[in-house]
Amino acid sequence: MVQNDISLLLSNTLHYFLQSYPYVSEFIYLCAVLTNNEQYKKSNNNANMEQPFNLVSNATLKKNVADYTLIVIGAFLQALSYSLFLAPYKIVPGGVYGISIVLHHVTQGLFSFMPEGLPMGATALCFNVPLLLLAMKKLGLASGPKTIVTFVLISIFTDSFSYLFANQPLVENDSFIACFYGGAILGLGVTCVFRAQSTSAGTDVLARVIALNSNLKVSNMIIVIDSTVVMLGLLVFQDWAVPLYSWFAIFVFGKVVEMFQTENPNRAVFIVSQKTQEVKELIVGKMGMRGTFLHGRGMYEGKEKEIIFTIAERKDLPRLKDEVKEIDPNAFISTMHASKDSPRPGM
């Protein structure tokens with residue numbers, strides 16, 4: 001019931017928002033068409049490149065529109081949390097924006113041309129761009145365009161809120177309530193972004209790079225990095241309340257994401273297809289993943305078959321299924337919960 005009520009509230013809010021700001025609707029549609037066109041060109045090497053907007057299907061376009069709509073909502077909510085709940089009380093929620101909040105307060109009055117301090121959104125953008133490049137190089141980030149749109153929108157919304165509200169909190173004289181609402185709204189925003197199969201780059205990219213091909217868990221690395229940022233806030237602000245409120249906001253944020261993302265972040269995927277080489281090219285060449293061929297035999301006809309086994313992150317699973325079905329509509333796909341206790345298969 002709670003999830004349905006929240007979904008209805010977000011739906012009504014979005015409907016009013018898009019009616020009030022039609023340019024946002026046009027932006028979402030343009031992003032969806034551009035993404036759709038890129039998917040078309042990648043899956044059709046012989047396509048006529050003189051046609052700028054080839055569409056794979058109306059279903060794919062609708063999915064892209066839905067994804068970018070969720071990205072706009074998620075970016076809006078995250079910016080709202082940072083600028084109006086967390087930053088005014090010097091609450092440092094870890095990550096890139098935790099660093100940006102610290103730099104924003106430290107630089108207040110330092111520069112004559114920027115007396116209110118470095119803008120949080122623009123500062124975060126300076127961190128996110130190199131982190132995105134690192135992710136694309138080391139991780140083969142498949143959601144690059146969506147990720148770019150996500151962190152750019154968060155930066156724009158954050159600085160816009162800061163300018164419009166002059167860095168004044170929505171909740172006055174109550175740090176606890178501010179960190180609670182800030183963490184909850186941040187969790188809702190991140191959930192929307194995850195549902196759109198996107199990320200906001202940030203320090204989780206660094207955590208994934210460090211944990212790559214090692215026995216270190218990504219979740220543990222995120223905790224270490226975020227805690228380091230929180231302790232930076234303690235050193236700079238010289239206030240023991242800062243880590244308390246910051247860790248509480250991170251806890252609330254994590255619980256909200258967990259409530260809406262109940263599945264294990266990794267899925268074991270088994271694919272039985274007559275077009276194994278095309279599927280292999282999709283998994284390895286296009287999505288930057290790894291996999292293993294398993295040899296099997298059908299129980300009914302007794303024919304020898306090759307079964308593809310791979311580990312996919314939850315956010316990549318819908319895309320993997322859709323593109324496998326485009327290659328082979330008769331492919332059989334089965335998934336189950338999994339954890340990567342050792343380096344990726346096929347290394």
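None of these values were measured; they are calculated from a predicted model.

Thresholds applied
- Residues numbered from 1 in each chain as written.
- Predicted model: local features only at pLDDT ≥ 70, side-chain atom pairs only at ≥ 80, totals over all residues.
- Heavy atoms only, no water.
- Helix = DSSP H or I, 4+ residues; strand = E, 2+ residues; numbered from the N terminus.
- Buried < 20%, exposed > 50% of the residue type's maximum accessible area, 1.4 Å probe, protein only.
- Areas by Shrake-Rupley, 256 points an atom, 1.4 Å probe, with all protein chains shown as cover.
- Patch = residues over 30% accessible without salt bridge, like charges linked within 9 Å, V, L, I, M, F, W, Y side chains within 5 Å.
- Salt bridge = Lys/Arg side-chain N within 4 Å of Asp/Glu carboxyl O.
- Axes fitted to C-alpha atoms, helices over the stretch in contact; angles between N-to-C directions.
- Parallel < 35°, antiparallel > 145°, perpendicular 65-115°, else oblique.
- Left-handed = near helix turned anticlockwise from the far one by under 90°.
- Contact = heavy atoms within 4.5 Å.
- Nonpolar A, V, L, I, M, F, W, Y, C, P; charged D, E, K, R; others polar.
- Pairing = 2+ DSSP bridges.
- Polar contact = N/O pair within 3.5 Å; in protein donor to acceptor, adjacent residues only side chain to side chain.
- Phe/Tyr/Trp six-rings, centres within 6.5 Å; stacked < 30°, edge-to-face > 60°.

## Quick word on the overall build of the chain
When its secondary structure is counted, the chain shows 12 helices and four strands. Taken across its 347 residues, the chain has 43% of its residues classed as buried. In the structure as shown, the chain presents an accessible area of about 18800 Å², 61% of it carried by carbon and sulfur atoms.

## Digging into a nonpolar patch on the surface
Side chains of Val 106, Leu 232, Leu 235 and Val 236 sit close together on the surface and give an oily, nonpolar patch of about 330 Å² of accessible area. For the nonpolar patch, the element with the most residues is helix H9 (residues 218-237), which contributes three residues. For Leu 232, the location among the structural elements is in helix H9.

## Things to note about the packing of helix H5 (residues 120-138) against helix H6 (residues 144-165)
Following both chains from N to C, one finds H5 and H6 inclined at 165°, their axes separated by 8 Å at the closest point. With respect to H6, the element H5 is oriented roughly antiparallel. Crossing angle aside, the handedness with which H5 passes H6 is right-handed. Seen from H5, the contacting residues are Met 120, Gly 121, Ala 122, Leu 125, Asn 128, Val 129 and Leu 132; seen from H6, they are Thr 147, Ile 148, Phe 151, Val 152, Ser 155, Thr 158, Asp 159 and Ser 162. Of the residues that constitute the contact of H5 with H6, the class distribution is eight nonpolar, six polar and one charged.

## Side note on the environment of Val 252
Secondary-structure assignment places Val 252 in helix H10 (residues 241-260). Looking at Val 252, the relative accessible area reads 8%, which means it is buried. In sequence terms Val 252 and Tyr 181 are 71 residues apart; their C-alpha atoms lie 8.6 Å from each other. With residues up to four places along the chain from it excluded, the contact list for Val 252 reads Phe 180, Gly 183 and Ala 184.

## Considerations on the sheet that holds strand S3 (residues 304-313)
Taken in spatial order, the four strands of this open sheet run S2-S3-S1-S4, and their pairing is antiparallel. Of all the strands in the sheet, the pair left with one neighbour each is strand S2 (291-297) and strand S4 (332-337). The sheet shows a mean angle of 25° between the axes of neighbouring strands, direction not considered. Here strand S1 (residues 266-272) runs beside S4; their pairing, made up of six bridges, is antiparallel. Paired with Phe 270 across the two strands is Ser 334, which belongs to S4. Sitting on the sheet, helix H11 (residues 276-286) touches S1, S2 and S3, and the angle it makes with S3 is about 15°. The strands that helix H12 (residues 317-327) touches are S1, S3 and S4; relative to S4, the one it contacts most, it runs at about 165°.

## Quick word on the pattern of salt bridges
Counted under the stated rule, the structure contains three salt bridges. The residue Glu 323 makes a salt bridge to Lys 286 at a minimum N-O spacing of 2.8 Å. Residue Glu 323 is located in helix H12, and its partner Lys 286 is located in helix H11; the two are separated by 37 residues in the primary sequence. Put simply, Glu 323 and Arg 319 hold a salt bridge, and the shortest N to O gap is 2.9 Å. Taken together, the residues span about one helical turn, with Glu 323 and Arg 319 both in helix H12 at a distance of four residues. Exposure class is identical for Glu 323 and Arg 319. Each is buried.

## Looking at the side chain of Ser 81
By secondary structure assignment, the location of Ser 81 is in helix H3 (residues 58-86). Among the polar contacts made by the side chain of Ser 81, one reaches the main-chain carbonyl oxygen of Gly 182 at a distance of 2.6 Å. Residues in contact with Ser 81, not counting those within four places in the same chain, are Leu 86, Gly 182, Gly 183, Ile 185 and Leu 186.

## Some words on the pairing of S2
Strand direction decides the pairing type here: S2 and S3, joined by seven bridges, are antiparallel. In the strand pairing of S3, Leu 294 is matched with Ile 307.

## Observations concerning the packing of aromatic side chains
By the definition in use, this model includes nine aromatic pairs. Each ring, one from Phe 161 and one from Phe 165, has its centre 6.4 Å from the other, and the planes form 55°; the classification is tilted. Of the two residues, Phe 161 and Phe 165 are both situated in helix H6; the distance of four residues between them amounts to about one turn of the helix. Overall, the relative accessible area of 37% leaves Phe 165 in the partly exposed class. Geometrically, the ring pair formed by Phe 270 and Phe 309 is tilted, given 5.0 Å between the ring centres and 40° between the ring planes. Placement of the pair is Phe 270 in strand S1 and Phe 309 in strand S3, with a sequence separation of 39 residues. Residue classification places Phe 270 among the partly exposed positions, given a relative accessible area of 24%. A network of ring pairs unites the aromatic residues Phe 76, Phe 157, Phe 161 and Phe 165 as a single cluster.

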